[in-house]
Amino acid sequence: MAQKPDYYETLGVTKTASKEDIKKAFHKLAHKYHPDKKEGNAEKFKQLSEAYSILSDDKKRAEYDSYGRVFEGGAGPQGGGFGGFGGAGFDFSQFQEAFNQGGAGFDMGDIFSDFFAGQASTTRQKRGRDISIDLEISFKESVFGTKRTVLLAKTAVCDSCQGSGAVMGTEMLTCTHCAGQGKVHETSQSFFGTVTMIQPCRHCKGSGKIPKEKCPTCRGEGVYKKQEEIEIVVPAGIEAGEMIRLTSMGEAVSAGTSGDLYVKVHVTPDARFKKEGPNLLTELSVKLTDALLGTTYTLQTLEGEEVIDIPAGLTHGELIKVKGKGVPSRGKRGDLLVRVKIQLPSKLSRTAKGFIEKLREEGI
């Protein structure tokens, strides 16, 4: 016989854990591994339930700690094996009591209701798969926004029948597979025994009706694989790595809602400009004499040429602010910040040296 796993290890607790710690551990893991959850695992869930049924019972826990197993009917070490599942040893009331005493609002129905009567399966609408794509834009486009059209091959709603799966105007017949109920009972085996689930009828997709004449384009499915042009509006001021979500532009699914399209934006850096919040930052090289005496410079910006006033006595690294020429945002715009770099001559003529000597004498 295969050796059973360590119950303490299964629940992720130590052998000295209190009953409250054990209850909390089971509460958390049972939610995570419930078979109907996204990360569900029926076998793991079974192991968790088995471990909790033993460690939450003082007598069974004492037997397990002493002998590494639990004995039925108080038979002791010579008795039979573990009777938790498949016999009287498993008591669901332990779970209900534990969860009722646990966090507020939690009930055993949260975990087990999907097994019995399939309550959730009849109300949960199907949803298509989300799609994620990458989009590369220029720095200028990230500042002022842009529009792009992409061609995607994806499952989409049929244009011919508008998703109904029927030829327009055709008669709708009662589904013979579900007798017009839109749902069927399916029986399966689980560790609880025979379980009956209520599922949407796959023949009529839960509508209870089947078209007398199916749409030839999608063969009655209401959706089909095709290439579709999608326009993406990139907002002004978007940052590299940001995502644009286009609701219902993902994969379509028959008798359900479409998924979403997620566009991850990549921005090509610009050699001259950078963004600092709502402002644009650039650099301008200015001659020493112009910095001392003042003048005007023509700067090539993202929108064209801009005349910049250079005040007399400008210092190296000083910022000149051009208002309203930054990043647009909610009807407003940031500023253009021009950082001045004063160019020093590498060589001086005798005349120039003479002038500079006079400036030194004057203490400049």
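Residues numbered from 1 in each chain as written. Predicted model: local features only at pLDDT ≥ 70, side-chain atom pairs only at ≥ 80, totals over all residues. Heavy atoms only, no water.

Asker: Just checking my understanding: could you explain helix H4 (residues 58-67) for this structure?
Answerer: Working note: α-helix, 3.6 residues per turn, so residues spaced by three or four point in the same direction. The complete set of buried residues in H4 reads Lys60, Arg61, Glu63 and Tyr64. End-on, the buried residues of H4 take up no more than an arc of 160°, which puts them together on one face. More than 90 degrees from the buried face of H4, the exposed residues found are Asp58, Lys59 and Ser66. Capping of H4 at its N-terminal end is provided by Asp57; its side-chain oxygen lies 3.1 Å from the backbone amide nitrogen of Lys59. (Buried < 20%, exposed > 50% of the residue type's maximum accessible area, 1.4 Å probe, protein only. Helix = DSSP H or I, 4+ residues; strand = E, 2+ residues; numbered from the N terminus. Arc of directions from axis to C-beta. Polar contact = N/O pair within 3.5 Å; in protein donor to acceptor, adjacent residues only side chain to side chain.)

Asker: Even after reading the chapter, I still don't get the packing of helix H2 (residues 19-33) against helix H3 (residues 42-55), so can you show me in this structure?
Answerer: A pair of packed helices can be characterised by two numbers: the angle between their axes and the separation between those axes. It is at 10 Å that the axes of H2 and H3 come closest, and there the two elements cross at 165°. Taken together, the axis directions place H2 and H3 in an arrangement best described as roughly antiparallel. In this structure, the crossing between H2 and H3 has a hand that is left-handed. Between H2, through Ile22, Lys23, Phe26, Leu29, Ala30 and Tyr33, and H3, the contact on the second element is made entirely by Lys44, Phe45, Leu48, Ser49, Tyr52 and Leu55. Its residues placed into classes, the contact of H2 with H3 shows nine nonpolar, one polar and two charged. (Axes fitted to C-alpha atoms, helices over the stretch in contact; angles between N-to-C directions. Parallel < 35°, antiparallel > 145°, perpendicular 65-115°, else oblique. Left-handed = near helix turned anticlockwise from the far one by under 90°. Contact = heavy atoms within 4.5 Å. Nonpolar A, V, L, I, M, F, W, Y, C, P; charged D, E, K, R; others polar.)

Asker: Help me understand the packing of aromatic side chains in this model?
Answerer: By convention here, two paired aromatic rings are described through the distance between centres and the angle between planes. Taken as a whole, this structure holds three aromatic pairs when the rule is applied. Ring plane angle 35° and centroid distance 4.7 Å describe the contact between Tyr7 and Tyr64, whose orientation is recorded as tilted. Residue Tyr7 is found in helix H1 (residues 7-11), and its partner Tyr64 is found in helix H4; the two are separated by 57 residues along the sequence. Tyr64 carries the same exposure label as Tyr7, and that label is buried. Taking the centre distance of 6.1 Å and the plane angle of 45° together, the rings of Tyr8 and Tyr64 count as tilted. Note that Tyr8 is positioned in helix H1 and Tyr64 in helix H4, a separation of 56 residues in sequence. By the ring-pair criterion, three or more aromatic residues cluster together here, those being Tyr7, Tyr8 and Tyr64. The side chain of Lys44 reaches across the aromatic face of Tyr33, ending 5.7 Å from its centre. (Phe/Tyr/Trp six-rings, centres within 6.5 Å; stacked < 30°, edge-to-face > 60°. Lys NZ or Arg CZ within 6 Å of the ring centre and 35° of its normal.)

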